[in-house]
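# Overview (structure and organization)
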Amino acid sequence: MRMMAIGAIVLASIGWAQAEDSEDITGLMEGRCSHCHGDAGEASSMIYPRLAAQNRVYLEKQLRNFRDGARVSDVMNDMAADLTDSQIAALAEFFSKQPVETHRVRASKQSLEAVGYYIYHEGNAYEQIPACSDCHGEFGAGDEDLPRLAGQHRNYVVEQLTAFDERTRTNDSAIMHSIAKQLTELEVNAVALYVSGLGEEVQEAGN
């Protein structure tokens, strides 16, 4: 009986701790995350990144970098300043598990999307630009260390490629500096448009 009682106390303690963590993350979501990134990571505006289904390990790294100042953002440095490692892990886990909405490209933009398709899958040998799919995958899913690009807001992708070009973002792969430097403004916008409409293909590939 004594062992059963101890076991019950341990299980109750674990359950209480998990509930506390859940409530803590809920508070963070309501107080900091959802205003910009939405309740399920789909973003409230095109100026903010979609986090739904983003790779967990990548998200953890970015949040730690924002917290520690390795990645600079007028908003996110303050938002992440007091996050603990466990809170960061819980937030990354939450967003990585959210379903992705399908985002289609307007018919009027299909010619620009075609340029993005070519750069993404073939690169540009004339400018020594490798295919984006070599690292980020055929369907833009990325991996533990590289971000999911599929379905990401076009404006946000343009912003990040520009930041790599201007070296105002330096917390990730140095190869992105040289690649972004070679891309023309048209190519940047074309690639951004193309990956913004990749969500459906990723979902189909995962079925």
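Rules used in this analysis
- Residues numbered from 1 in each chain as written.
- Predicted model: local features only at pLDDT ≥ 70, side-chain atom pairs only at ≥ 80, totals over all residues.
- Heavy atoms only, no water.
- Helix = DSSP H or I, 4+ residues; strand = E, 2+ residues; numbered from the N terminus.
- Buried < 20%, exposed > 50% of the residue type's maximum accessible area, 1.4 Å probe, protein only.
- Contact = heavy atoms within 4.5 Å.
- Areas by Shrake-Rupley, 256 points an atom, 1.4 Å probe, with all protein chains shown as cover.
- Polar contact = N/O pair within 3.5 Å; in protein donor to acceptor, adjacent residues only side chain to side chain.

Counting its secondary structure elements, the chain contains 10 helices and 0 strands. Starting at the N terminus and ending at the C terminus, the chain contains elements arranged as α-α-α-α-α-α-α-α-α-α. Sorting the 207 residues of the chain into buried and exposed places 43% on the buried side. Taking the intrachain contacts of the chain between residues at least 6 apart in sequence as the baseline, contacts between residues at least 24 apart amount to 65%. In the structure as shown, the chain presents an accessible area of about 11,900 Å², 54% of it carried by carbon and sulfur atoms.

Three or more residues of helix H8 (residues 175–182) are buried, namely Met176, His177, Ile179 and Ala180. Looking at the buried side of H8, the elements it contacts are helix H7 (154–166).

With that settled, consider the side chain of glutamate 42. By the secondary structure assignment, glutamate 42 is in the loop between helix H1 (2–37) and helix H2 (56–68). Among the polar contacts made by the side chain of glutamate 42, one reaches the main-chain amide nitrogen of glutamate 101 at a distance of 3.2 Å. Among all residues touching glutamate 42, those that are not within four sequence positions of it are His37, Arg50, Ala52, Pro99, Val100, Glu101, His103 and His153.

This part takes up the side chain of glutamine 87. Topologically, glutamine 87 is positioned in helix H4 (residues 85–96). Excluding residues that lie within four positions of it along the chain, glutamine 87 makes contacts with Asp24, Ile25, Leu28 and Asp82.

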